[in-house]
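Each chain is listed here by its residues.
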Amino acid sequence: MNADGSGLQYFNFEKPGQATWQPGPMFPDGHRVLFLSMEPRRDGPGRSFEEYYTQTPTHLWVHDLESGSLEEVCTKERLAPFITPALLLGDDRILVQVVRKQVGQIYSVRLDGTDAREFTKAGEGLPYGLSLSPDRQRVAFHLASPQGYQVWTSDIDGSKRVKVAAQPGHLYFGTSWSPDGRWILYVDCIDGDDPGHDWADVCLGRADGSEHRVLTSGQAMWFAATYGNPQTRGGGSNVPVWTRDGSILFPRRLPGSKVAWEFQPQRPDVDHFNRDYKPELARGGTEICRLDPRDGRITALTHNNPPAWDFRVSESSDGKQIVFCRTITGESPAIWVMDADGKNPRQITRGIDDRGADHPRWLPQLP
């Protein structure tokens with residue numbers, strides 16, 4: 001859809017046997033997108049998420065936004081039924097996450113699936129949250145290792161690895177490179193105090209591993225976004241993002257805020273959600289903020305009365321607009337757009353039949 005809400009259209013690929021679709025990386029040409037589809041999930045009642053989810057067969061496709069074509073890729077020499085796109089390295093090579101027997105690792109493969117090369121080793125942890133440096137020579141990622149969630153950088157083949165952030169009791173998550181390629185942006189969640197990972201602090205680390213800085217305090221950022229009611233529940237991790245001028249956008253917690261979906265640490269997590277809906281306990285919300293890492297100054301861009309939950313923010317390529325999600329307790333989220341200074345906020349869609357819309361992303365301007 002256009003940023004003013006016009007031109008809305010839904011993808012309908014009509015491929016049999018595919019239960020869900022989601023967009024992945026954009027190709028350098030600006031009009032091709034890598035999509036991931038999944039067959040009906042193998043986990044569910046009586047089958048744990050941890051054991052059975054990654055037994056679900058997946059498929060990767062290249063979709064041309066201009067011509068409408070859809071071509072399945074990574075079909076040759078498949079490494080496992082469950083393969084997901086992690087990072088596009090160029091026109092013909094991609095990093096994919098592969099999970100076999102509950103062990104995940106990253107491989108570098110050609111777009112057709114051949115010439116598989118290990119990027120990480122089996123057993124060292126599950127790597128995800130990958131990002132490519134501006135010069136396309138280095139990769140940043142977080143590693144869910146036996147020693148905890150850590151942030152690393154490496155060459156695009158996985159060599160010359162550098163540790164950026166790692167500390168017991170701290171869950172470092174999500175990576176993105178600063179526009180000048182010198183810093184990695186990520187978050188820090190205190191896992192022991194917050195088993196549901198609702199909140200985190202915004203952090204920076206030098207790409208060469210020489211410095212780690214915590215830019216917020218008190219676990220100020222909404223990390224594990226949860227929303228909806230028992231019929232429309234949803235969520236997913238929030239991460240802060242860079243702007244073109246080197247500032248940072250993130251969803252900041254209002255004092256005393258609490259989400260409606262309360263995590264239940266006393267019982268086994270069988271669905272990767274493990275929360276009970278308690279709207280009567282919910283209070284507060286979040287606001288989209290701009291943070292200047294040079295002086296620590298934070299400017300709120302959204303304001304809601306009564307409070308709402310603003311999240312999933314990013315800046316347009318020309319730096320003039322910002323897209324984000326907004327929801328209120330018990331409702332599904334909508335996509336909103338505002339000017340870069342926070343002025344002129346407007347809702348542009350609530351999704352199919354107003355059932356909710358999430359994970360907005362800017363696309364290049366097409367002819």
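Scoring rules and cut-offs
- In this numbering scheme, every chain counts its residues from 1 along its sequence in written order.
- In keeping with the model being predicted, local features are shown solely for residues with a pLDDT of at least 70 and side-chain atom pairs are shown and tallied solely at 80 or more, while totals for entire chains, interfaces and linings include all residues.
- For the side-chain quantities, the full set of heavy atoms in the structure was used; hydrogens and water were omitted.
- In this description a helix means any DSSP run of H or I spanning at least four residues, a strand means any run of E spanning at least two, and both kinds are numbered starting from the N terminus.
- Note on method: radius of gyration uses C-alpha positions; expected globular size equals 2.2 Å times residues raised to 0.38.
- Each residue is placed in one exposure class: buried if its accessible area under a 1.4 Å probe, protein chains only, is under 20% of its type's maximum, exposed if it is over 50%, and partly exposed if it falls in between.
- In what follows, a contact means two residues having at least one pair of non-hydrogen atoms within 4.5 Å.
- In these tables, accessible area is a Shrake-Rupley quantity obtained with a 1.4 Å probe, and a residue counts as shielded only by the protein chains included in the view.
- Neither His nor the chain ends is counted toward charge; the positive residues are Lys and Arg and the negative residues Asp and Glu.
- Just so you know, the charge point we use is NZ for Lys, CZ for Arg, CG for Asp and CD for Glu.
- The rule for pairing is simple: two strands pair if DSSP sees at least two bridges between them.
- Pairing of aromatic rings covers Phe, Tyr and the six-membered ring of Trp, with a centre-to-centre limit of 6.5 Å; geometry is then stacked below 30 degrees between planes, edge-to-face above 60, and tilted otherwise.
- As used here, the term nonpolar core means buried Ala, Val, Leu, Ile, Met, Phe, Trp, Tyr and Cys residues forming a set that is joined through side-chain atoms within 4.5 Å.

Draft legend 1. Spatial organisation of the overall build of the chain. Across its full length, the chain carries 1 helix and 29 strands. Radius of gyration (C-alpha) of the chain: 20 Å, near the 21 Å computed for a compact globule of 367 residues. Taken along the three principal axes of its C-alpha coordinates, the chain extends 55 × 50 × 50 Å. The burial tally for the chain puts 50% of its 367 residues in the buried class. Look at the contacts in the chain between residues 6 or more apart in sequence, and 45% of them connect residues 24 or more apart. Total accessible area on the chain is roughly 17,600 Å²; 49% of this is exposed by carbon and sulfur atoms. Placing the 41 positive and 48 negative side-chain charges of the chain at their respective mean positions leaves the two points 2 Å apart.

Draft legend 2. Geometry of the sheet that holds strand β7 (residues 103-110). Strand order across the open sheet formed by 4 strands is β5-β6-β7-β8, with antiparallel pairing between neighbours. The open sheet has two free edges, formed respectively by β5 (83-88) and β8 (117-118), since each of these has just one partner strand. Relative to strand β6 (residues 93-100), β5 runs antiparallel, the two sharing 5 bridges. Pairing of leucine 87 across the sheet is with leucine 95, part of β6.

Draft legend 3. Broad picture of the pairing of strand β3 (residues 58-64). Buried residues dominate β3, accounting for 7 of its 7 residues. Both faces of β3 are covered, namely the face carrying Thr58, Leu60, Val62 and Asp64 and the face carrying His59, Trp61 and His63. Inspection of the sheet shows strand β2 (residues 32-38) paired to β3 by 7 bridges, in the antiparallel sense. Bridging across to β3, phenylalanine 35 finds its partner in tryptophan 61. Two elements, β3 and strand β4 (residues 70-73), share 4 bridges in a ladder whose sense is antiparallel. Bridge assignment links histidine 63 to a residue of β4, and that residue is leucine 70. Where β3 folds back on β4, the antiparallel hairpin that results is connected by 5 residues, among which glycine 68 adopts a positive phi of roughly 85°.

Draft legend 4. Here's a closer look at the packing of aromatic side chains. Per the stated rule, a full pass over the model turns up 20 aromatic pairs. Members of the aromatic cluster, connected to one another through ring pairs, are Phe11, Phe13, Trp21, Phe35 and Trp61.

Draft legend 5. Looking closely at the nonpolar core. Ranked by size, the top nonpolar core spans 17 residues in total, and within it Val202, Leu204, Phe223 and Ile248 carry the most contacts. Elements that contribute at least two residues to this core include exactly β13 (170-177), β14 (183-190), β15 (199-206), β21 (248-253) and β24 (286-291). With 4 residues, β14 is the single largest residue contributor to this core. Not counting residues up to four positions away in its chain, the partners in contact with leucine 204 are Trp183, Ile184, Leu185, Tyr186, Glu211, His212, Arg213, Leu215, Trp242, Ile248 and Pro293.

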